[in-house]
Amino acid sequence: MKEQVDANGKVDLLTIFGTWALSRSLIVPYVLVNADTLYNVLLGKPTLNMIGTIVSTPHLAMKFPSSSGKIISIKVNLVDAQECYVKSFK
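Bear in mind the structure is a predicted one, so any value in this text is a computation, not a measurement. (Residues numbered from 1 in each chain as written. Predicted model: local features only at pLDDT ≥ 70, side-chain atom pairs only at ≥ 80, totals over all residues. Heavy atoms only, no water.)

## Regarding the side chain of Thr 47
For step 1, the next point in the chain: Looking at the secondary structure, you find Thr 47 in helix H1 (residues 45–50).
For step 2, the next point in the chain: Ignoring sequence-local partners within four residues, the contact set of Thr 47 consists of Phe 17 and Val 28. (Helix = DSSP H or I, 4+ residues; strand = E, 2+ residues; numbered from the N terminus. Contact = heavy atoms within 4.5 Å.)

## Considering the nonpolar core
For step 1, the next point in the chain: One finds Phe 17, Leu 26, Val 28, Tyr 30, Leu 48, Ile 51, Met 62, Phe 64 and Ile 72 forming the largest nonpolar core, which totals nine residues.
For step 2, the next point in the chain: Of all the secondary-structure elements, those providing two or more residues to this core are strand E2 (23–33) and strand E4 (61–65).
For step 3, the next point in the chain: Contacts of Ile 72, omitting those with residues within four sequence positions, involve Phe 17, Gly 18, Leu 22, Ser 23, Arg 24, Met 62, Lys 63, Phe 64 and Ser 66. (Core = buried A, V, L, I, M, F, W, Y, C linked by side-chain atoms within 4.5 Å. Buried < 20%, exposed > 50% of the residue type's maximum accessible area, 1.4 Å probe, protein only.)

## So, the pattern of salt bridges
For step 1, the next point in the chain: For the structure on display, the rule yields one salt bridge.
For step 2, the next point in the chain: The closest approach of N and O atoms between Lys 10 and Asp 12, which form a salt bridge, is 3.6 Å. (Salt bridge = Lys/Arg side-chain N within 4 Å of Asp/Glu carboxyl O.)

Dropping the structure here:
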């Protein structure tokens, strides 16, 4: 059974992707919800497309160009990802 979550509003926030030395920043619209979840934020396709993201789910990674044109790589720790996956069933 799927649980329905009602939106509590929307906020536009300056969001920095990457680190201060190598980053990309833009205003991202966020929908606010009150939900018990393992995630802090979910990024939608429009946001990922705005920064030119390439996502590789088998590699648990994503890449996108920084403001200076260099490529930023963000990778997930495999152990953390597995723990999160197991907790999602509890």
